[in-house]
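Observations on chain architecture
Each chain, written out:
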Amino acid sequence: MYDMVCAMPQASPADLASRLLDWYDRNARALPWRSPPGAPPANPYHVWLSEVMLQQTTVQAVAPYFLAFLKRWPTVQDLAAAPLDDVLAAWAGLGYYARARNLHKCAQAVAALGRFPETEDELRALPGIGDYTAAAVASIAFGRPAAVMDGNIERVLSRMFAVTEPLPGSKPTLKALAAKLTPDHRPGDYAQAAMDLGACVLCPWRPDCEASHQGIAESLPAKTPKPERPTRRGTAFWAMRKDGAVLIRRRPDKGLLGGMMEVPSTPWREDLGAWEIAEAAAHAPAQADWRALPGLVSHTFTHFHLEINVIAGLVRKPELALGYWCPLDEIKTQALPTIMRKIVRHALSKAY
Ligand code: SF4
């Protein structure tokens, strides 16, 4: 029935799928991007936008962003026609800005096609759409029986089938199980139900759940331990002009926070500790008598912690500075990522 190397439940895939759908009919969460259980599929633009936003972010955090995006750009064509900086600014706070840039590129590709493609393969060919989003859009928006795998589904399947091999090595096994279980009937509702499954007490698969029977549910999915996050350190320059404007600049398109605006800083280095003012000044985008502001700005990215100390100064020759002089009252409307907003807040509270 399953042809897998893991513990097998008595129930057939069809039986498990239909039990899960019944459960979903009674327990589906109402979410702004969802259509109710059994109803015609949701708008592909809504499904795609929410799925991109939900990667690595919670439903609670995404809901206001999703509604704000739809209000401002009601169709994928509207989003495609928006200036990239507006999209990046509206995205600020959701993190992973490469996703926002890809979101914009993808909207343009879909607008050029005139519609969202319906199959996983065609969807995967669009910018920023990986296996997960392609399967989610194909199943939820177009009713295709695509096997969707997100973090929750990985957890549920590894418990249900007592898959003890650690992630990410167990991914192919879990994917094959997901494919086996995904029904032809209502695959979109099935995928959303699997994303929603959480508490064992209410779980419709409990009678067949191997990990539950063996008392090992809490220990699954097993994970290969991640290396510790290192700490990088940098110095940011709060460069001021006499009229109050401050210097910002655009980061290179490639790399972390690519294409976003930033408060200029030294490189972020890992092993040499904090920067002395004199050595930092060699990287300054303008000349000034720099003074250190008290305190530190900290931020955690996926792969490292960042500690920034900020130095401030009145720039001597503003016309030679490398960047853009932003009037102070406009700084909040810039497409500044969270770390840069923290630096701005810090500088505003300490430099004046
Ligand atoms: S019974 Fe609990 S551990 Fe097993 S599949 Fe359901 S929610 Fe997961």
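Residues numbered from 1 in each chain as written. Predicted model: local features only at pLDDT ≥ 70, side-chain atom pairs only at ≥ 80, totals over all residues. Heavy atoms only, no water.

This part is about a positive patch on the surface. On the surface, R155, K223, K226 and R229 cluster together into a positively charged patch. Relative to the assigned elements, R155 resides in helix α9 (residues 151-160). With a relative accessible area of 34%, R155 lands in the partly exposed category. (Patch = residues over 30% accessible without salt bridge, like charges linked within 9 Å, V, L, I, M, F, W, Y side chains within 5 Å. Areas by Shrake-Rupley, 256 points an atom, 1.4 Å probe, with all protein chains shown as cover. Salt bridge = Lys/Arg side-chain N within 4 Å of Asp/Glu carboxyl O. Lys, Arg positive; Asp, Glu negative; His and termini not counted. Charge placed at Lys NZ, Arg CZ, Asp CG, Glu CD. Helix = DSSP H or I, 4+ residues; strand = E, 2+ residues; numbered from the N terminus. Buried < 20%, exposed > 50% of the residue type's maximum accessible area, 1.4 Å probe, protein only.)

Considered domain by domain, the protein chain is made up of domain 1 (2-219) and domain 2 (231-350). Placing a centre on the C-alpha atoms of domain 1 and another on those of domain 2 gives a separation of 38 Å. Counting residues at the interface gives 8 residues for domain 1, matched by 14 residues for domain 2. In total, domain 1 and domain 2 occlude about 780 Å² of area from one another, counting both sides; carbon and sulfur atoms represent 52% of this. Counting the surface domain 1 buries against domain 2, the share from its top three residues, D85, Y97 and R101, is 55%. Here D85 ties to R250 by a salt bridge, and the two come within 2.8 Å at their closest N and O atoms. The tally of links from domain 1 across to domain 2 stands at 4 residue pairs in polar contact (both at pLDDT 80 or more). (Domains from an automatic or database assignment. Contact = heavy atoms within 4.5 Å. Buried area = accessible area lost by both parts, 1.4 Å probe. Polar contact = N/O pair within 3.5 Å; in protein donor to acceptor, adjacent residues only side chain to side chain.)

Within the structure, the ligand sits among V156, R159, G198, C200, C203, R206 and C209. A breakdown of the residues in the shell around the ligand according to their chemical character gives 4 nonpolar, 1 polar and 2 charged. (Near = heavy atom within 4 Å. Nonpolar A, V, L, I, M, F, W, Y, C, P; charged D, E, K, R; others polar.)

A separate point is the packing of helix α5 (residues 84-91) against helix α6 (residues 97-113). Axis separation between α5 and α6 bottoms out at 10 Å; the angle between their running directions is 140°. Taken together, α5 and α6 sit at an angle that is classed as oblique. As for the relative orientation of α5 and α6, their crossing is right-handed in sense. Where α5 abuts α6, its residues L84, V87, L88 and W91 lie against Y97, R99, A100, R101, L103 and H104. (Axes fitted to C-alpha atoms, helices over the stretch in contact; angles between N-to-C directions. Parallel < 35°, antiparallel > 145°, perpendicular 65-115°, else oblique. Left-handed = near helix turned anticlockwise from the far one by under 90°.)

Taken together, the side chains of L328, L348 and Y352 define a hydrophobic patch exposed on the protein surface, amounting to about 270 Å² of accessible area. By the element assignment, L348 lies in helix α14 (residues 338-350).

The next thing to look at is the environment of P187. Note on placement: P187 falls in helix α11 (residues 187-196). Residues P187 and A80, 107 residues apart in the sequence, show an inter-C-alpha distance of 29 Å.

What follows deals with helix α2 (residues 44-54). Summarising burial for α2: 9 of the 11 residues are buried, a large majority. Within α2, the full set of buried residues consists of Y45, V47, W48, L49, S50, E51, V52, M53 and L54. The inward-facing, buried residues of α2 abut α3 (59-72), α4 (76-81), α5, α6, α8 (131-142) and α11. Two or three places before Y45, at the opening of α2, N43 has a side-chain oxygen 2.8 Å from that residue's backbone nitrogen. Of the residues flanking the end of α2, it is Q56, one or two places downstream, whose phi is positive at about 70°.

With that settled, consider the environment of D86. With respect to the helices, strands and loops of the structure, D86 is situated in helix α5. Separated by 62 residues in sequence, D86 and Y24 have C-alpha atoms that sit 37 Å apart. In contact with D86, other than residues within four places in its own chain, are R72 and W73.

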